[in-house]
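The chain contents come next:
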Amino acid sequence: MKATMQLHPILAALRRHKMATLLIVLQIALTLAVVSNALFIVKTRVVHLSRPSGTDEAHLFAIDNQWIDQPEVSHIHAQMRADLVTLRGLPDVRDAFATQGYPFGGGGRVIRIKRRIEQTAKPQLAFTYFSDEHTLDTFGLKLVAGRNFRADEIGSLGPNDKVVPAVIIITRNLAHKLFPDGSAMGQRIYLRDDGPSTIIGMVDRLQGSYAGSGTRSIDEDTVLVPALRASPDDGVVYLVRAQAGRLAAVLQSAPAALLAQNRMRLISPEDGVVTLAQARAKAYATDRGVAIMMGAICVLLLLATAGGTVGLSSFWVGQRRRSIGVRRALGATRGDILRYFQTENALIVGIGVALGVALGIAANLSLMTHYELPRMPLWLLGVGALLLWLLGQLAVFGPARRAAAVLPVEATRSV
């Protein structure tokens, strides 16, 4: 008995159980739509939290330094310069600079960039880090074009001063967005309406200070601003890069050296010193939790669908024992009965998968509209459909084997 010859009795049997068939088809369709989109979200989250920041994370740490007694801005500038001399002079420190934020740690600023001062189109958003001529080496960045800042280009800013640098360094991603048809080097852009800034250098990648989902489209759009900003209220962040294999030692010696240099500061013993590895783990804790939760939901849905298939198939086998006995008496082998139920399941799953593909695409389009989510690749729906088909065949195998074990005499006993 060929599988194609079994279609007529299968369709006849399904017509007699319309409601049960409809329910299992809908369950398979919803499972495919939910699982494919959930797996896609998991994939995007994993890619997001695994991507490099562009920095030498393994050897970087941040010191959050707060000032005591509201010192004058000029005094803070002098103290910051003295602190940097102290940090750079430590034997296990490779380099250091002062800024207001760091990748994964927050504290950075978002600016609006215009190509022309009279521009009316929506400006390009980007993150900024206050920087100096030591920033590239401290972060572990390599220039892909242009040059580094010079010492004489580093400005001194107070807490309320406008940020209008004459020169800036930007990331490749931002350069492509600002000048998609040509080179960004030497171009002038406007961080504010007060004056242009000339792009003198470009680095391959540098992640912004926020890792939240609301900033993902500009995560790698970063501007280095050559300035030393002093603020009695905001304090300062010292980014320090340790020599290879010396991070643990510098984590202890660097804050101790700052306190020895001047004790009119506060460095929290709980979270005042943070490695970039710790900052990454904290920043992406939500992404990791969502990925785990989505994965668990997928597993539960697949188990529920498999359970539904087993239950329905077992119920049908119990109801059809007489007809199965008749088939066996008419010459059907155990293999024929086994293939009958597997074919029936494949047909039900196929209808559910076709409906699930349409629902999955519709759900993805809805997520794209309401959330910052890209288009789901069709191959993911194909993988989900294949997974459900295999799961259905596996789930029906047990009930199908019990059906195949029904003896021909079962037909006689039922008469």
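Given the structure is predicted, the values throughout are model-derived calculations rather than measurements. (Residues numbered from 1 in each chain as written. Predicted model: local features only at pLDDT ≥ 70, side-chain atom pairs only at ≥ 80, totals over all residues. Heavy atoms only, no water.)

1. Digging into the overall build of the protein chain
The condition that has to hold: Numbering of helices and strands runs from the N terminus, with a helix taken as a DSSP run of H or I at least four residues long and a strand as a DSSP run of E at least two residues long. Each radius of gyration reported is based on C-alpha atoms, and the globular scaling rule is 2.2 Å times the count of residues to the power 0.38. With a 1.4 Å probe rolled over the protein chains alone, any residue whose accessible area is under 20% of its type maximum counts as buried; one over 50% counts as exposed, and the rest are partly exposed. Note on definitions: a residue-residue contact is assigned when non-hydrogen atoms from the two residues lie within 4.5 Å. For the accessible areas, the method is Shrake-Rupley and the probe is 1.4 Å, while residue cover comes only from the protein chains on display.
In terms of regular secondary structure, the protein chain is built from 12 helices and 13 strands. By the compact-globule yardstick of 22 Å for 415 residues, the protein chain is too spread out, its C-alpha radius of gyration being 32 Å. Each principal axis of the C-alpha distribution contributes one length, and for the protein chain these read about 105 × 50 × 35 Å. Split into buried and exposed, the 415 residues of the protein chain put 48% on the buried side. Taking all contacts inside the protein chain whose residues are at least 6 apart in sequence as the whole, residues at least 24 apart take part in 82%. About 20,000 Å² of surface is accessible on the protein chain, with carbon and sulfur atoms providing 61% of the total.

2. Focus on the packing of aromatic side chains
The geometry of an aromatic ring pair is captured by the separation of the ring centres together with the interplanar angle, meaning the angle of the planes. Filter applied, for reference: Side-chain rings of Phe, Tyr and Trp, where Trp is taken by its six-membered ring, are said to pair if the distance between their centres is within 6.5 Å; with planes under 30 degrees apart they count as stacked, over 60 as edge-to-face, and otherwise as tilted.
On inspection of all chains with the given rule, the structure shows 4 aromatic pairs. Between phenylalanine 97 and phenylalanine 139, the ring centres sit 5.3 Å apart and the planes meet at 65 degrees, which makes this aromatic pair edge-to-face. Of this pair, phenylalanine 97 sits in strand 2 (residues 93-99) while phenylalanine 139 sits in helix 4 (residues 135-139), and the two are 42 residues apart along the sequence. Among the residues examined, phenylalanine 97 registers a relative accessible area of 0% and is labelled buried. Taking relative accessible area as the criterion, phenylalanine 139 reaches 0% and is therefore assigned buried. Here the aromatic rings of tyrosine 129 and phenylalanine 139 are separated by 5.7 Å at their centres, their planes lie at 55 degrees, and the arrangement is tilted. Pair noted here: tyrosine 129 is in strand 4 (residues 124-131) and phenylalanine 139 is in helix 4, with a separation of 10 residues, a long-range link. Neither tyrosine 129 nor phenylalanine 139 differs from the other in exposure class; each is buried. Taken together, the ring pairs in this structure connect Phe97, Tyr129 and Phe139 into an aromatic cluster.

3. Topic: unusual backbone geometry
The phi dihedral of aspartate 69 is positive, around 70 degrees, even though this residue is not glycine. On the secondary structure map, aspartate 69 appears in the loop between strand 1 (60-67) and helix 3 (73-89). A relative accessible area of 62% means that aspartate 69 is categorised as exposed. A positive phi angle, near 75 degrees, is found at phenylalanine 104, a position not held by glycine. Following the sequence through the fold, phenylalanine 104 ends up in the loop between strand 2 and strand 3 (109-113).

4. Looking at the pattern of salt bridges
Counted only if it meets this: Think of a salt bridge as a Lys or Arg side-chain nitrogen and an Asp or Glu carboxyl oxygen that are within 4 Å of each other.
Going through the model one piece at a time under the given rule, you end up with 20 salt bridges. Within the structure, one salt-bridge network assembled from shared partners comprises Arg51, Arg205, Asp219 and Glu220.

5. A word on the pairing of strand 9 (residues 196-203)
What counts, and what does not: Strands are treated as partners if at least two bridges between them are detected by DSSP.
Of all the 8 residues making up strand 9, 6 are buried; the element is thus mostly covered by neighbouring parts of the structure. Here 3 bridges tie strand 5 (residues 143-146) to strand 9, and the two strands are oriented antiparallel to one another. Counted as the bridge partner of leucine 143 is valine 203 from strand 9. Bridging between strand 7 (residues 167-171) and strand 9 involves 5 bridges; their strand directions are parallel. Directly across from isoleucine 168, in strand 9, lies its bridge partner isoleucine 199. Judged from the 3 bridges that link them, strand 8 (residues 188-190) and strand 9 form a sheet pairing that is antiparallel. In the sheet register, arginine 188 faces strand 9, and the bridge partner there is threonine 198. Here strand 8 folds back onto strand 9 in antiparallel fashion, the turn holding 5 residues.

6. Notes on the side chain of aspartate 336
The condition that has to hold: As used in this structure description, the phrase polar contact means that two N or O atoms lie within 3.5 Å; if the pair is within protein, one of them must be able to donate a hydrogen and the other to accept it, and residues adjacent in sequence are counted only when both atoms belong to side chains.
Note on placement: aspartate 336 falls in helix 10 (residues 334-370). Classification of aspartate 336 as buried rests on a relative accessible area of 7%. Within the local environment of aspartate 336, its side chain forms a polar contact with the backbone nitrogen of threonine 333, the two atoms lying 3.0 Å apart.

7. Digging into the UniProt feature "transmembrane region" (unreviewed entry) in the protein chain
Heads up, the condition is: UniProt positions are given in the numbering used here, feature names are shortened, and annotations may be inferred rather than shown by experiment.
With numbering aligned to this structure, UniProt lists the feature "transmembrane region" (unreviewed entry) at residues 290-318, 346-366 and 378-397. Structurally, residues 290-318 is divided into 100% helix and 0% strand, and its ends, taken at the C-alpha atoms, are 42 Å apart. Along residues 378-397 one finds 100% helix and 0% strand; the C-alpha atoms at either end are 29 Å apart.

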